[in-house]
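Close look at the chain arrangement
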Amino acid sequence: MRALTTELKKLFSNRIFLLIIAAVFVLNAYLMFRTANSGDSTPSDYKAIYSQLSGMTDEEKLDWLEERCGEYSGEHQYNWDVLCELRDECANIVGYQEYLENIESQAKSMTSVSIFAKPDTFNYRSIVKTPPAYENVQGVQPVFDVSKGIILATDNNFTDILCGFIVLFAVLSLMISDREQGMSGLLFPLKRGRGYLLLTKLAALMITIFCTILLIYCENLIISASLYGLGDLTRPVQSLSGFIGCNLKINVIAYLILYILFKFIAIFAIGAVLSLVAVNTKNTITFYGISAIILVAEGFAYAKIHPLSIYSIFRYINLISLTKVNEIFCNYKNINFWEYPVPLIPTSIGAVVVISIVSAALSAILYAKKRNLEFRRIGIKFKFGKNNKIRSKIYYTLYKSLIMQKGIFLIIIFVAVAGFLNQSFIKKYDVNDVYYSYYCETYEGVITSETLEKCNSEAQYFDDIQAKIDELNADGVYTSELSDLYKEFAPSMGFYPLQARIELIKDTDGAQIFYDTGYKRAFGIDGYSDDMKYAFAAMLLCIFLVSPLIANDNKYRMNSVVNATASGKKSYLRRNIAVAAIYGLIASLLWTISYAISISKYYNHNGLSAPIQCITDFADFPLNISVFQYIILIVLFRTIAIILASFVMLWVSSKCKNTTYAVLINFAVFALPILIYLLGAEFAANIGFNPLLSANLMLNDFSIIHLGILIPIVIIVAFEIKSSNLFKLRK
């Protein structure tokens with residue numbers, strides 16, 4: 001018990017950990033409110049309707065909702081989308097018994113159809129197995145009540161991601177900090193310094209995760225209750241929106257308890273797997289790399305494997321899927337286990353428990369049997385072709401970082417991540433943009449008098465169609481002629497933006513027309529956040545490569561050795577600065593090349609030689625440069641920003657006594673603000689290095705805020721470089 005208390009005190013006495021917890025709870029609350037108010041429907045829209053439905057029976061509520069939906073004329077006091085949503089939800093509740101009866105009848109009819117009637121197939125076995133699963137809920141009668149609050153509290157991804165940061169830091173502090181601080185040599189020889197100690201650390205991790213899950217979801221429920229309300233918690237769980245197919249005979253409050261417990265075990269399973277990785281890796285960077293591979297692979301399996309595939313077991317039974325508690329319990333599902341249906345709920349419960357126990361047990365066993373990592377055996381290795389050539393000092397610095405600290409492993413992972421981002425790059429279908437692309441290709445080239453005449457002729461054509469449409473609409477009768485006119489008029493959605501663009505830029509020297517949607521996306525004009533997604537990956541690469549450069553030497557107290565060498569401290573610092581700059585350059589190039597390939601593939605790269613003012617949003621840009629030169633400007637801006645960030649990371653590394661704290665601090669400073677922005681907190685766009693890394697934020701809408709961010713960063717970095725005399729030659 002004393003050991004457990006000591007581990008908990010060590011964890012919660014860490015100010016960085018307490019700061020992370022506070023930041024997680026504040027950010028989670030902000031994202032809850034933002035999510036509730038970000039769409040077309042607000043909590044007040046739901047409250048207004050629920051207040052009118054109070055005191056009615058479910059049948060009366062359905063009649064009232066159908067009546068309001070039918071009489072909607074555009075000036076109704078209620079939100080029409082909310083009315084329709086609640087009408088469908090109430091209809092499902094009222095028709096629940098009919099829904100259960102249809103399950104049996106559909107099973108009989110489907111098994112008689114030829115494509116489902118083969119007894120040796122998954123489809124047939126699953127259909128036959130489904131009706132008996134609903135026998136225990138035959139007497140259940142759901143009640144229509146407020147569901148939005150419960151769904152908002154339990155069905156969001158950002159809460160899971162934020163909990164993941166707490167779990168990651170707890171694993172680092174509990175499992176790796178002793179080794180980072182050189183304590184393993186003292187702990188291993190003790191009577192309870194191995195297996196018992198590791199089990200104690202896992203118990204501390206379990207308590208931390210449970211308290212985190214309990215508190216953060218209580219916060220979610222409190223916020224949801226204030227925004228929407230939670231309704232009657234004693235009503236059947238089938239009353240919740242989306243849970244009509246649940247086959248569990250429990251009420252809402254019982255489901256919330258089940259949700260918390262399952263979520264806790266699922267998150268602990270991730271923590272136990274990370275602990276297993278931490279116990280069996282020799283340095284922090286390897287831990288991050290292997291952990292990233294596991295989580296990315298699990299996420300890829302969850303996203304890419306089809307639910308009915310014979311490999312669907314890997315989609316549903318993995319670390320990512322097991323955290324999606326609502327998806328597991330909202331409906332009865334069978335997993336295709338090589339043509340045999342396996343119920344998802346009991347399988348998921350068994351899987352999450354087994355993963356937790358097995359990972360924890362293996363961690364304890366392997367930790368108890370492993371040798372002291374602080375003092376490795378000295379072995380003789382023969383390397384054919386080895387020579388005694390003396391190489392430059394920068395070579396050995398790179399060798400230490402890339403080979404000994406496994407930096408090359410991280411670069412390979414980053415290249416794979418860049419490839420994954422390319423694969424997930426999507427050009428959303430937009431019929432307006434399809435027509436716009438067509439007209440851009442039609443009018444492509446330098447704007448001439450012929451171009452203007454052609455444009456005016458096309459505009460007159462659409463004006464004539466519009467006049468005919470207005471004339472027919474005046475009669476108040478929808479005819480086939482009117483339908484045909486609407487079809488002819490549809491391309492105008494792409495023509496009019498091009499016409500406005502031509503009118504705006506026609507007086508620009510060398511004005512050209514080309515398809516510019518891809519450029520607008522790359523320059524952050526249409527609200528895309530591509531720049532910050534790639535910046536997040538680039539920052540992670542720099543964080544994991546740069547953070548160990550000096551911090552790892554500080555861990556082993558190499559300062560005195562370095563200062564006593566012929567090259568001295570200054571040369572040592574200059575080499576590390578050069579390596580940090582190289583890593584920043586690599587991250588920038590990988591980012592730039594990867595994104596350029598995606599943009600060229602889905603859009604095109606025509607018009608590179610045209611003036612940047614030919615793009616509508618850049619008509620007033622003060623510099624007379626081409627589109628290609630503007631791209632070079634952005635790439636140069638981002639490269640300088642990444643290298644500057646790498647220098648700051650190196651300074652943080654020099655101030656830390658181990659790699660773990662250097663990584664965590666750098667992550668909090670450089671990566672966390674980007675992640676907060678990507679989660680939906682738009683205010684984070686102006687925090688820290690984000691404006692510099694994006695470049696689009698600075699160039700598109702430069703403000704005094706950006707100037708206030710840029711100047712202090714440059715001054716601090718310059719002061720640190722000057723005070724360290726990093727670029728002075730050693731006398």
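Here the structure is a predicted model, which means the values were calculated and not measured. (Residues numbered from 1 in each chain as written. Predicted model: local features only at pLDDT ≥ 70, side-chain atom pairs only at ≥ 80, totals over all residues. Heavy atoms only, no water.)

**Concerning unusual backbone geometry**
At A695, a position not held by glycine, the phi torsion is positive, near 70 degrees. Residue classification places A695 among the buried residues on the basis of a relative accessible area of 0%. (Buried < 20%, exposed > 50% of the residue type's maximum accessible area, 1.4 Å probe, protein only.)

**Digging into helix α3 (residues 43-53)**
Burial in α3 covers these residues: P43, D45, Y46, I49, Y50 and L53. Down the axis, α3 shows its buried residues gathered within 160 degrees of arc, on one side only. Looking at the buried positions of α3, the neighbouring elements they touch are α2 (15-37), α4 (58-70), α5 (80-94), α8 (148-154) and α11 (195-227). Looking one or two residues beyond α3, the residue adopting positive phi is G55, at roughly 90 degrees. (Helix = DSSP H or I, 4+ residues; strand = E, 2+ residues; numbered from the N terminus. Arc of directions from axis to C-beta. Contact = heavy atoms within 4.5 Å.)

**Considering helix α16 (residues 344-369)**
A turn of α-helix holds 3.6 residues, and therefore any two residues three or four places apart point the same way. Under the 1.5 Å per step criterion, the end-to-end length of α16 is 37 Å for 26 residues, consistent within 8% with the ideal 38 Å. Burial in α16 covers these residues: L344, I345, T347, S348, A351, V352, S356, S359, A360, S363, A364 and Y367. Its buried side turned inward, α16 meets α11, α12 (252-279), α14 (313-316), α15 (325-329), β1 (334-337) and β2 (340-343). (Expected span 1.5 Å × (residues − 1).)

**Let's talk about the pairing of β2**
In the case of a regular strand, side chains alternate between the two sheet surfaces. Relative to β2, β1 runs antiparallel, the two being bridged by four bridges. By the bridge assignment for β2, N334 is matched with P343. (Pairing = 2+ DSSP bridges.)

**A word on a nonpolar patch on the surface**
A cluster of nonpolar side chains, Y395, Y396, Y399, I403, M404, I408 and I412, forms an exposed patch at the surface whose accessible area comes to about 660 Å². Assignment of secondary structure puts Y395 in helix α17 (residues 393-404). Among the residues examined, Y395 registers a relative accessible area of 34% and is labelled partly exposed. (Patch = residues over 30% accessible without salt bridge, like charges linked within 9 Å, V, L, I, M, F, W, Y side chains within 5 Å. Areas by Shrake-Rupley, 256 points an atom, 1.4 Å probe, with all protein chains shown as cover. Salt bridge = Lys/Arg side-chain N within 4 Å of Asp/Glu carboxyl O.)

**Quick notes on the confidence of the model for the chain**
This prediction gives the chain a mean pLDDT of 82; 85% of its residues lie at or above 70. Per-element averaging of pLDDT across the chain places helix α32 (residues 704-724) at the bottom with 55 and α12 at the top with 93. Below pLDDT 50 for its whole length, residues 373-385 participates in twelve contacts with residues either more than four positions away or in separate chains. Scored below 50 in pLDDT, residues 725-731 shows 17 contacts in the model against residues more than four places distant or in partner chains. (pLDDT = per-residue confidence, 0-100.)

**Quick look at the packing of α3 against α4**
At their nearest, the axes of α3 and α4 sit 10 Å apart, and the two run at 130 degrees to each other. On the basis of the axis angle, α3 is oblique to α4. Of the two elements, α3 crosses α4, and the hand of that crossing is right-handed. For the pair α3 and α4, the contacting residues are I49, Q52 and L53 in the first and K61, W64 and L65 in the second. Considering only residue class, the contact of α3 with α4 consists of four nonpolar, one polar and one charged. (Axes fitted to C-alpha atoms, helices over the stretch in contact; angles between N-to-C directions. Parallel < 35°, antiparallel > 145°, perpendicular 65-115°, else oblique. Left-handed = near helix turned anticlockwise from the far one by under 90°. Nonpolar A, V, L, I, M, F, W, Y, C, P; charged D, E, K, R; others polar.)

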